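Inside the fold
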Amino acid sequence: MSLSMYKVSAPVFVRGLKVMSEALRKAQAHAEAGGKPMDVLLSARLADDMLPLTAQVQRASDTSKLSIERLTGIAAPKFPDNEASFEQLQQRIADTIGYIEGVGEEYFAGSETREVALSFGSFKPTFTGESYLLTFALPNFYFHVVTLHDILRNQGVKIGKIDYLGPHEG
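Definitions and cut-offs
Residues numbered from 1 in each chain as written. Predicted model: local features only at pLDDT ≥ 70, side-chain atom pairs only at ≥ 80, totals over all residues. Heavy atoms only, no water. Phe/Tyr/Trp six-rings, centres within 6.5 Å; stacked < 30°, edge-to-face > 60°. Buried < 20%, exposed > 50% of the residue type's maximum accessible area, 1.4 Å probe, protein only. Helix = DSSP H or I, 4+ residues; strand = E, 2+ residues; numbered from the N terminus. Axes fitted to C-alpha atoms, helices over the stretch in contact; angles between N-to-C directions. Parallel < 35°, antiparallel > 145°, perpendicular 65-115°, else oblique. Left-handed = near helix turned anticlockwise from the far one by under 90°. Contact = heavy atoms within 4.5 Å. Nonpolar A, V, L, I, M, F, W, Y, C, P; charged D, E, K, R; others polar.

**Quick word on the packing of aromatic side chains**
Applying the stated criterion across every chain, the model contains eight aromatic pairs. Each ring, one from phenylalanine 127 and one from phenylalanine 136, has its centre 5.8 Å from the other, and the planes form 40°; the classification is tilted. Residue classification places phenylalanine 127 among the buried positions, given a relative accessible area of 14%. Between the aromatic rings of tyrosine 132 and phenylalanine 136, the centroid separation amounts to 6.0 Å while the plane-to-plane angle is 25°, which identifies the pairing as stacked. Separated by four residues within a single helix, tyrosine 132 and phenylalanine 136 lie in helix H5 (residues 129-154), roughly one turn from each other. The exposure class of tyrosine 132 is buried, given its relative accessible area of 1%.

In C-alpha cells:
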C-alpha cells in the first residue's frame, strides 16, 4: 500500500500539534510550580531576531491548516494571532486540530499534482502539491514545533526528546 497525501499530511500535523499541546501543558505546570512567570514563558524566544513562544504555536497552526486548505481547497478558519495565555494557545491548537480532522481523506484526491503558489513578499514559489507538502509545508511546520520545544527547554521546562517525538501508535 502506498502512502497517500492524506496520510503524510493530516495525521502528521495533528500529531505535531498534540506534541505542542503537551509541551505547553508541561510549561504551564512548570510556571504554576514557581519555575517562571507565565508571561516570561509565553514571550520567551531563542534569539532576539526570532519569534516568541506564542508565535511558534500560531505559525505551526497556520502552516498546518493552510497546508490542508492548499491541498484540498477546503477553507481553513482564520485566527487573529492574539493568544496571550496557555489556555488560549491550547484552544487554538484544539481548533486547528478540529478543522484538520474535519477534512476527510477523500478531499485529498489528486492533491499531489495540484498547483500550490505562494506569495510572501519577494518569495513566490510554485509547487506541485506533493513537492509543497514534502519540501516546504512539513519542514516549516516542524521548524515551529522544534523551536517551541527548544524555547521551553531553554527556559528550564523539563521536557526532552521523547516529549518531542510524542506518543506512537501501531
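**As for the packing of helix H3 (residues 53-72) against H5**
It is the contact of H3 with H5, at a shortest axis distance of 9 Å, that shows an interaxial angle of 160°. The angle between H3 and H5 places the two elements in the roughly antiparallel class. Of the two elements, H3 crosses H5, and the hand of that crossing is left-handed. Residues Leu53, Gln56, Val57, Arg59, Ala60, Thr63, Ser64, Leu66, Ser67, Arg70 and Leu71 of H3 touch H5, and the partners they reach there are Gly129, Tyr132, Leu133, Ala137, Asn140, Phe141, His144, Thr147, Leu148, Ile151 and Leu152.

**Some points on the side chain of glutamine 56**
The residue glutamine 56 is located in helix H3 in this model. Its relative accessible area of 1% is what places glutamine 56 among the buried residues. If we ignore the near neighbours within four places in the chain, the residues touching glutamine 56 are Met20, Leu51, His144, Thr147, Leu148 and Ile151.

**What to know about the packing of H3 against helix H4 (residues 86-101)**
Relative to each other, H3 and H4 sit at 10°, their axes nearing to 10 Å. As summarised for this structure, H3 and H4 are arranged roughly parallel, according to the angle between their axes. Facing H3, whose interface residues are Leu53, Thr54, Val57, Gln58, Ser61, Asp62, Ser64, Lys65, Ile68 and Glu69, H4 presents Leu89, Arg92, Ile93, Thr96, Tyr99 and Ile100. A breakdown of the residues in the contact of H3 with H4 according to their chemical character gives seven nonpolar, five polar and four charged.

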